[in-house]
Amino acid sequence: MSPHATGRRRAHRFVAGGVPLAVIAALVAAGPAIGAGDGHGDAHVVRTATLGDIPLGAFSNALLPGSVDNDRGVDLGGIGSDIYPAGRKGEFWTVTDRGPNGQIKVDGTKRRTFPVPGFDPAIVKIRVTGDTVKVLDAIPITTASGKPVTGLANQKGRDEAPYTYDARTPLTYNPNGLDTEGIVRAADGSFWLVDEYGPSLVHVSARGKVLTRYVPEGLGLTGADYRVVEALPSVLLNRKVNRGFEGLAQLPCGDLVIAVQSPLSLPDTDAGEASRTTRLLRFSPKKKAVTAEYAYRFDPVNVVDPSEDDTSELKISSVVAVGGNRLLVEERTDKAARLQLVRLDRAANILGSRWDDDTTSPSLEQLDDPAASGVPVLSKRLVVDLGKVAGVPGKIEGVARVDRDTLALINDNDFGMTDGADAFDAQGRLVDSGIETSVVYVRLQHGI
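Figured I'd write up the structure that's included with this text. As the structure is a prediction and not an experimental result, all values here were calculated from the model.

### A short note on unusual backbone geometry
And step 1. Note that the residue after leucine 266, namely proline 267, is joined by a cis bond; omega there is 0°.
And step 2. Put simply, serine 361 and proline 362 share a cis peptide bond, and its omega is -5°.
And step 3. Tracing the backbone shows proline 362 in the loop between strand S20 (337-343) and strand S21 (380-385).
And step 4. Residues other than glycine seldom take positive phi values, yet aspartate 107 does so here, at roughly 55°.
And step 5. Within the secondary structure, aspartate 107 sits in the loop between strand S4 (102-106) and strand S5 (109-113).
And step 6. In this structure, lysine 288 is a non-glycine residue whose phi angle is positive, near 55°.

Next comes the structure, spelled out in structure tokens:
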């Protein structure tokens, strides 16, 4: 039995037994209270709760002993990649992304850094109590043999090359690595996650073991210690680097809806950067296949965020099922976000059409007005402009429906990291950004 497999069983006792969890809980400091803001229009903040400081090494090693030898002063963060109701009032499932990472320019070229390369993405169950976010459970994401998947990049030449915290020493690619971003929980207790690298849809057991990773046809990912199935449209191979799948919703029927974070780079990077058209996919867990694909059109970037004029900053970070075939879709930049109500219209399905052929010219992404060119673009209606609601932090990546009138939002604090050579001091310790992970409840006057 490998030491990693042994560690996984210990991690399960950590979750179930709660003794080490109590130790970690003792490290949590209550966050500052923020009162309800004045709001904008029909929305206002009614509660803000903050995650206190939990050393990342202590958190990770309680799950997988020996996985992190030096956390460089980084605390647990990044759990704001998504949020999903856990059943009890105030409790949610969240998921981390690939872990602390940044960019440092070396000889004029940006390098992707992984300051804590042993970090393993985790599913984290939290409870909002007063003005504090408390960690209740944590489940590491592991391979078929119980090893950590890690958050390291998968494929040389396709993904950004990984480097140490100072961008000086290359790290090894890992075909198991996941940059997890969205989470839902199925009726059988298993989880579905989405990932930016493949991009991929990942089915994970209730204990965190990867059951199947669904990737685009033609990806050719080899060497993974779990089942990899090429079941997604090959056009997704054109995803922008670090902008794969980000949003994930579960419809009442059990089908999943996946959002591509940004427009595909079709036919090239420049076209993708200038485009306002991205895609949503519908996946049937029963059929284990994509059953529909939809064109989604962003609003102009200066409408979403009046302080921004770069169209490439538009992203979808969250999609939330609100009954039937209706979704909330979050359009955002790092500073502002707007939630749109969308209905998945069967007549808008473009799966298997010429828009899935990456030789089509002009591409879907190049069309200035897709609807005028005969593309059935999903209609949408603005529900709330979060950028105008006092008390909502930046970089909201997770949205959950608490009840008809209330949404829970969670931000991605990037583990307190910033880009550049000054992210760490001379001793290699993090210079924390001071941005905390917060869960914010927003009340909507008219409900949804």
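Picking up where we left off.
### Here's the deal with the sheet that holds strand S8 (residues 162-163)
And step 1. Strand order across the open sheet formed by three strands is S4-S5-S8, with mixed pairing between neighbours. Two strands lie at the open edges of the sheet, namely S4 and S8, each paired on one side alone.
And step 2. Relative to S8, S5 runs parallel, the two sharing two bridges. Opposite arginine 112, over in S8, you have proline 162 as the bridge partner.

### Comments concerning the pattern of salt bridges
And step 1. In this structure the tally under the stated criterion is 22 salt bridges.
And step 2. With a closest N to O distance of 2.9 Å, arginine 279 and glutamate 365 form a salt bridge. Of the two residues, arginine 279 sits in strand S16 (residues 277-284) while glutamate 365 sits in the loop between S20 and S21, which places them 86 residues apart along the sequence.
And step 3. Residue class for arginine 279 comes out buried when judged on its relative accessible area of 1%.
And step 4. With its nearest N and O atoms 2.8 Å apart, the salt bridge here joins aspartate 334 to arginine 332.
And step 5. What makes aspartate 334 partly exposed here is its relative accessible area of 37%.
And step 6. It is possible to trace a salt-bridge network through shared partners that takes in Asp299, Glu331, Arg338, Lys380 and Asp385.

### A few points about the packing of aromatic side chains
And step 1. Applying the stated rule across the entire model yields eight aromatic pairs.
And step 2. Considering the side-chain rings of tyrosine 165 and phenylalanine 424, the 5.4 Å spacing of their centres and the 70° angle between planes classify their relative orientation as edge-to-face. With tyrosine 165 in the loop between S8 and strand S9 (180-185) and phenylalanine 424 in the loop between strand S23 (406-411) and strand S24 (438-444), this pair connects stretches of sequence that are 259 residues apart.
And step 3. We classify phenylalanine 424 as buried; its relative accessible area is 9%.
And step 4. Aromatic rings pair up to connect Trp192, Tyr214 and Phe283 into one cluster.
And step 5. The ring of tyrosine 441 carries the charged tip of arginine 47 above its face, separated from the ring centre by 5.5 Å.

### Here we look at the sheet that holds S9
And step 1. Strand order in the open sheet made by the five strands is S9-S10-S11-S12-S13, with mixed pairing throughout. The outermost strands of the open sheet, each flanked by one partner alone, are S9 and strand S13 (227-232). Strand after strand, the sheet turns through a mean of 25° between neighbouring axes, direction not considered.
And step 2. Summarising the sheet, strand S12 (residues 210-216) and S13 pair through five bridges and their orientation is parallel. In the sheet register, tyrosine 214 faces S13, and the bridge partner there is valine 229.

### A few points about helix H3 (residues 56-63)
And step 1. Within H3, six of the eight residues are buried, leaving the element largely enclosed by the surrounding structure.
And step 2. Along H3, the positions that sit buried rather than exposed are Leu56, Gly57, Phe59, Ser60, Ala62 and Leu63.

Rules used throughout
- Residues numbered from 1 in each chain as written.
- Predicted model: local features only at pLDDT ≥ 70, side-chain atom pairs only at ≥ 80, totals over all residues.
- Heavy atoms only, no water.
- Helix = DSSP H or I, 4+ residues; strand = E, 2+ residues; numbered from the N terminus.
- Pairing = 2+ DSSP bridges.
- Salt bridge = Lys/Arg side-chain N within 4 Å of Asp/Glu carboxyl O.
- Buried < 20%, exposed > 50% of the residue type's maximum accessible area, 1.4 Å probe, protein only.
- Phe/Tyr/Trp six-rings, centres within 6.5 Å; stacked < 30°, edge-to-face > 60°.
- Lys NZ or Arg CZ within 6 Å of the ring centre and 35° of its normal.
- Axes fitted to C-alpha atoms, helices over the stretch in contact; angles between N-to-C directions.

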